[in-house]
Amino acid sequence: MDVTFKNQSLDRLEADATYSAGFGDALVKAYRRAMQHIRAASDERTLYSRRSFRFEKLSGDRATQHSMRLNDQWRLIVEIQGEAPKKIIHVIEIVDYH
């Protein structure tokens, strides 16, 4: 899937091996691994099928967004934009769920 980012920091976090954006090494590694899976996915069904991500649609103020687990504490928030076969994942933020 194609990927866009809400802010440049998340894009740099994926691409720049020396940049951590203030996150710990384990979280950065989990984020980069998740981004590899997102880029390799044909559509969101691939993300739903990977149980360890716990990919889910959010509700309320975040009804247009989805969450995927990076670890026990942190989640990656994304939006799915466009129509098949040209869907785009828009990476919003990394959020502390605790």
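Below or above, wherever it landed, is the structure these notes cover. (Residues numbered from 1 in each chain as written. Predicted model: local features only at pLDDT ≥ 70, side-chain atom pairs only at ≥ 80, totals over all residues. Heavy atoms only, no water.)

The next subject is the pairing of strand 1 (residues 2-5). Burial along strand 1 is one-sided: the residues Val3 and Phe5 are buried and none of Asp2 and Thr4 is. Examined bridge by bridge, strand 1 and strand 5 (residues 88-96) share 4 bridges and lie parallel to one another. Following the sheet pairing, threonine 4 is matched in strand 5 by histidine 90. (Buried < 20%, exposed > 50% of the residue type's maximum accessible area, 1.4 Å probe, protein only. Helix = DSSP H or I, 4+ residues; strand = E, 2+ residues; numbered from the N terminus. Pairing = 2+ DSSP bridges.)

The next thing to look at is the sheet that holds strand 1. One open sheet accounts for 5 strands, arranged 1-5-4-3-2; its pairing is mixed. On the outer flanks of this sheet lie strand 1 and strand 2 (56-57), each paired with one strand and no other. Those strands touched by helix 1 (residues 8-15) are strand 1 and strand 5, and its axis lies near 95 degrees from that of strand 5. Sheet contacts for helix 2 (residues 25-40): strand 1, strand 3 (65-69), strand 4 (74-81) and strand 5; angle to strand 1, the most-contacted strand, approximately 135 degrees. (Contact = heavy atoms within 4.5 Å. Axes fitted to C-alpha atoms, helices over the stretch in contact; angles between N-to-C directions.)

Let us look at the nonpolar core. Grouped together as the largest cluster of nonpolar side chains are 23 residues, with contacts concentrated most on Tyr31, Leu76 and Val91. Looking at this core, the elements with two or more residues in it are strand 1, helix 1, helix 2, strand 4 and strand 5. Discounting residues that sit within four places of it in the chain, valine 91 has contacts with Val3, Thr4, Phe5, Lys6, Leu10, Tyr31, Met35, Leu76, Ile77 and Val78. (Core = buried A, V, L, I, M, F, W, Y, C linked by side-chain atoms within 4.5 Å.)

Look at helix 1 against helix 2: their axes get within 9 Å of each other, and the N-to-C directions meet at 90 degrees. Comparing their axes, helix 2 and helix 1 come out roughly perpendicular. The residues of helix 2 that touch helix 1, namely those facing Leu10, Leu13 and Glu14, are Val28, Tyr31, Arg32, Met35 and Arg39. (Parallel < 35°, antiparallel > 145°, perpendicular 65-115°, else oblique.)

That is the geometry; function is a separate question.
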